Amino acid sequence: EAGVAQSPRYKIIEKRQSVAFWCNPISGHATLYWYQQILGQGPKLLIQFQNNGVVDDSQLPKDRFSAERLKGVDSTLKIQPAKLEDSAVYLCASSNVRGQLGEQYFGPGTRLTVT
Amino acid sequence: AQSVTQLDSQVPVFEEAPVELRCNYSSSVSVYLFWYVQYPNQGLQLLLKYLSGSTLVKGINGFEAEFNKSQTSFHLRKPSVHISDTAEYFCAVSAPASKLTFGTGTRLQVTL
């Protein structure tokens, strides 16, 4: 079965510009997660979707970050405007079980550099 | 809230030697514990998880971990490492209805 797909793999932008990342989860997986992984740190959950509804976005900086999951399949994460501290790898993961008991399958990530 | 501490940022080891990667957690409720591996330029892959039951958990690639509630630890072990085990290893914790919280990772460097 195909894994979690993410694009682009790399992105370099200047501060105050906007950027969007795309994620296609494993077919049939109802739960989708976006994580931010800053260099030298573990991944931090930004937002969790169950189908097309938001379950947890408590750590999403809503003044500049937004995410959607139309039709409960693909998802996009947007940053507008970007700041230097947004430089990180953005990981998408999906699971076929709600909650943390189910295994999360991770995509390869998008490495964002903000200059 | 839960937290995870991985004290060792890097662990160098020779091939075929045993290795232990340490993980300690903090939580006021019962927890679920996980180890993930991240190879260069790849996403995370689940190595093993402890949900309940036997405290010794066996995972993929010959890794195992032991849940120690009294010491709040979940150390990862492998009796004999291979060059291909070189990667970043993340310990993570969650509780019922809460999100997954990751540690800062341990870089395992296996050399000949």
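It should be noted that the structure appears before, not after, this text.
Keep in mind the model is a prediction, meaning the values are calculated, not measured.

Q: Hey, could you go over the packing of aromatic side chains for me, with residue numbers and the actual values?
A: In this structure the tally under the stated criterion is 13 aromatic pairs over all chains. Seen in terms of ring centroids, Y36(B) and F102(B) are 5.6 Å apart; in terms of plane orientation they differ by 55°. Their pairing is tilted. A residue pair is termed long-range when its members are at least 10 positions apart, and Y36(B) in strand β5 (residues 32-38) and F102(B) in strand β11 (residues 101-102) qualify at 66 residues. For F102(B), a relative accessible area of 9% puts it in the buried group. Aromatic pair F63(B) and Y89(B): ring centres 5.5 Å apart, planes at 45°, arrangement tilted. In this pair, F63(B) sits in the loop between β7 (56-58) and β8 (64-68) while Y89(B) sits in strand β10 (residues 87-94), placing the two residues 26 residues apart along the sequence. An identical accessibility class is assigned to F63(B) and Y89(B); each is buried. One aromatic cluster in this structure is built from Y33(A), Y35(A), F106(A), F34(B), Y36(B), F90(B) and F102(B).

Q: I'd like a rundown of the side chain of T86(B), residues and numbers included.
A: For T86(B), the location among the structural elements is in the loop between β9 (73-78) and β10. Here the side chain of T86(B) touches I83(B) through a polar contact of 3.0 Å, landing on its backbone oxygen.

Q: A description of unusual backbone geometry should follow, citing residues and the corresponding values.
A: Residues and elements named next belong to chain A. Look at the link from S7 to P8: it is a cis peptide, with omega at -10°. Relative to the helices and strands, P8 is located in the loop between β1 (5-7) and β2 (10-13). At R16, a residue that is not glycine, the phi angle is positive and equals roughly 80°. Its location among the elements puts R16 in the loop between β2 and β3 (19-24). Given the relative accessible area of 62%, R16 is considered exposed. Notably, N51 is not glycine yet its phi reads approximately 55°, a positive angle.

Q: Got a sec to walk through the nonpolar core? Specific residues and values, please.
A: In summary, soluble globular proteins display a tendency toward joint burial of nonpolar side chains. Residue and element names in this part refer to chain B. Core analysis: the biggest nonpolar cluster contains 28 residues, and W35, L48, L76 and Y89 have the highest contact counts within it. Taken together, the elements giving at least two residues each to this core come down to β2 (10-14), β3 (19-21), β5, β6 (44-50), β8, β9, β10 and β12 (106-111). Looking at which element gives the most residues to this core, the answer is β10, with four residues. Discounting chain neighbours no more than four positions away, the residues touching L48 are L33, F34, W35, V57, K58, G59, F63, E64, A65, F74 and L76.

Q: Describe the pairing of β10(B), and please don't skip the residues or the numbers.
A: Residue and element names in this part refer to chain B. The buried count for β10 comes to eight of eight residues, which makes it a mostly enclosed element. The alternating pattern of β10 places A87, Y89, C91 and V93 on one face and E88, F90, A92 and S94 on the opposite face, and all of these are buried. Two strands pair when backbone bridges link them, and β10 and β11 are joined in this way by two bridges, in the antiparallel orientation. Paired with A92 across the two strands is F102, which belongs to β11. What sits between the antiparallel neighbours β10 and β11 is a turn of six residues, in which A97 has the positive phi angle 65°.

Quick notes on the rules
Residues numbered from 1 in each chain as written. Chains lettered and ligands numbered in written order. Predicted model: local features only at pLDDT ≥ 70, side-chain atom pairs only at ≥ 80, totals over all residues. Heavy atoms only, no water. Phe/Tyr/Trp six-rings, centres within 6.5 Å; stacked < 30°, edge-to-face > 60°. Helix = DSSP H or I, 4+ residues; strand = E, 2+ residues; numbered from the N terminus. Buried < 20%, exposed > 50% of the residue type's maximum accessible area, 1.4 Å probe, protein only. Polar contact = N/O pair within 3.5 Å; in protein donor to acceptor, adjacent residues only side chain to side chain. Core = buried A, V, L, I, M, F, W, Y, C linked by side-chain atoms within 4.5 Å. Contact = heavy atoms within 4.5 Å. Pairing = 2+ DSSP bridges.

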